[in-house]
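Overview (structure and organization)
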Amino acid sequence: PVLSTMRYFQEEYEDHIKYKKCSALVCKEIVSSPCQYICPIDQEASVYIALIAIGKFEEALNIIRKDNPLPTVCGRVCHHPCETVCTAAEMGEPIAIRALKRFIMDWAIEKGYQSPSRQKKQKKYKVAVIGAGPAGLAAGYYLNRKGYKVAVFESLPVLGGMLTVGIPKHRLPKKTLNFDIEHIIKSGVAIKTNKALGKDFSIDDLFKEGYKAIFIAIGAHKSMKLNIPGENANGVIHALDLLKTVNLGKKAELGENVGIVG
Ligand code: SF4
């Protein structure tokens, strides 16, 4: 049986050996907690839930922040794969892991409590990050924690990328998102808005200014196209363009009658 499983499940064997990954979530030696294991950022959900249960909210927030630079976002818009593997579901329903994160973040916003930033000894190297969306902000946060001097360059006048201009504020209120962004800035990440790569500066300029590494995180600001005739005609607005216009406080030209595809 071992030989035949090796033949049919070679990839899974390799995952176990090379990456210590068990996609079936059955190897207890590798998977201590399925929710943490499946979470893309390795969030210690069981720890923050236990802390919430005994009323230690500050500690719960610090645990959340340890692995998550944007917890107010995840507390509202993460698709929470952690809950799909929650073992509590075997006895009823999964634990509301995402909602509990949201609860702690709402509590922190109300109290104005930001976790202390944990920075290692400062290194002399400067790193530039291009784009202040989730990838750029997260990279800036972790690089800063490792002691690098980080500057994030953003072409728009606002930070957050698609989180700000792509998600409507009834799903992700700006005040909540800004709480995370404030934490990242306070931890020491320098931010430069209205600076577009190719227009206001080039990659060479950054190297000349002494940046030793550059992370390009310019985001996914393009809508999916249908590739049908007339798609680019006057009056056709793609979803992300519309959201961006509205979220930047501009007026979308809609005319008298509106047809919606999708
Ligand atoms: S809600 Fe999302 S970020 Fe939070 S623990 Fe679950 S998968 Fe991870």
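Just so you know, these numbers come straight off a predicted model, no measurement behind them.

**A short note on the site of the ligand**
Residues in contact with the ligand, as listed here, are Cys-39, Pro-40, Gln-43, Cys-74, Cys-78, His-80, Pro-81, Cys-82, Ile-97, Arg-98 and Lys-101. Under a 2 Å grid-point criterion requiring more than half of the atoms, the pocket assigned to the ligand is the second largest pocket. Mapped by element, the contributors of at least two residues to the shell around the ligand are helix H7 (81-84) and helix H8 (97-111).

**Things to note about the layout of surface pockets**
What the largest pocket holds in volume is close to 590 Å³. Residue lining of the largest pocket: 19 residues in total, with Ile-237, His-238, Gly-259, Ile-260 and Val-261 positioned closest to the centre. Among the residues making up the lining of the largest pocket, the classes are represented as 11 nonpolar, 6 polar and 2 charged. In this model, the second largest pocket occupies a volume close to 490 Å³. Secondary-structure elements contributing two or more residues to the lining of the second largest pocket are helix H3 (34-38), helix H6 (71-77), H7, H8 and helix H9 (134-145).

**What to know about the nonpolar core**
With 19 residues, the main nonpolar core has Ala-45, Tyr-48, Ala-60, Leu-61, Ile-97 and Ile-104 as its most contacted residues. Ranked by residue count, the leading element in this core is H8, at 6 residues. Excluding residues that lie within four positions of it along the chain, Tyr-48 makes contacts with Gln-43, Ala-60, Ile-63, Ile-64, Ile-97, Leu-100 and Lys-101. Counting residues in hydrophobic clusters, the runner-up holds 16 residues, among them Ala-132, Ile-167, Leu-172 and Ile-184.

**Observations concerning the packing of aromatic side chains**
All chains considered together, the criterion is met by 6 aromatic pairs. Between Phe-57 and Trp-107, the aromatic rings sit 5.6 Å apart at their centres with planes inclined by 75°, giving edge-to-face as the arrangement. Within this pair, whereas Phe-57 is found in helix H5 (residues 57-67), its partner Trp-107 is found in helix H8, the two being separated by 50 residues in sequence. When its relative accessible area of 21% is taken as the criterion, Phe-57 is described as partly exposed. With relative accessibility at 18%, the residue Trp-107 sits in the buried group. Measuring from ring centre to ring centre gives 6.0 Å for Phe-153 and Tyr-211, while their planes differ by 80°; the resulting arrangement is edge-to-face. Residue Phe-153 is located in strand E2 (residues 149-153), and its partner Tyr-211 is located in strand E4 (residues 211-216); the two are separated by 58 residues in the primary sequence. No difference in accessibility class separates Phe-153 from Tyr-211, as the two residues are buried. Through successive ring pairs, a cluster of aromatic residues spans Phe-57, Phe-103, Trp-107 and Tyr-113. Sitting over the face of the ring of Tyr-148, Lys-123 holds its NZ or CZ atom 4.8 Å from the ring centroid. Note that Lys-126 overlies the ring of Tyr-211, its terminal NZ or CZ placed 4.4 Å from the centroid.

Criteria and thresholds
Residues numbered from 1 in each chain as written. Predicted model: local features only at pLDDT ≥ 70, side-chain atom pairs only at ≥ 80, totals over all residues. Heavy atoms only, no water. Near = heavy atom within 4 Å. 1 Å grid on protein atoms, 1.4 Å probe; cavity = no way out; pocket = protein on both sides within 12 Å on 5 of 7 lines; lining within 4 Å. Sits in = over half its atoms within 2 Å of the grid points. Helix = DSSP H or I, 4+ residues; strand = E, 2+ residues; numbered from the N terminus. Points joined across faces, edges and corners; volume = space filled by probe spheres on them. Nonpolar A, V, L, I, M, F, W, Y, C, P; charged D, E, K, R; others polar. Core = buried A, V, L, I, M, F, W, Y, C linked by side-chain atoms within 4.5 Å. Buried < 20%, exposed > 50% of the residue type's maximum accessible area, 1.4 Å probe, protein only. Contact = heavy atoms within 4.5 Å. Phe/Tyr/Trp six-rings, centres within 6.5 Å; stacked < 30°, edge-to-face > 60°. Lys NZ or Arg CZ within 6 Å of the ring centre and 35° of its normal.

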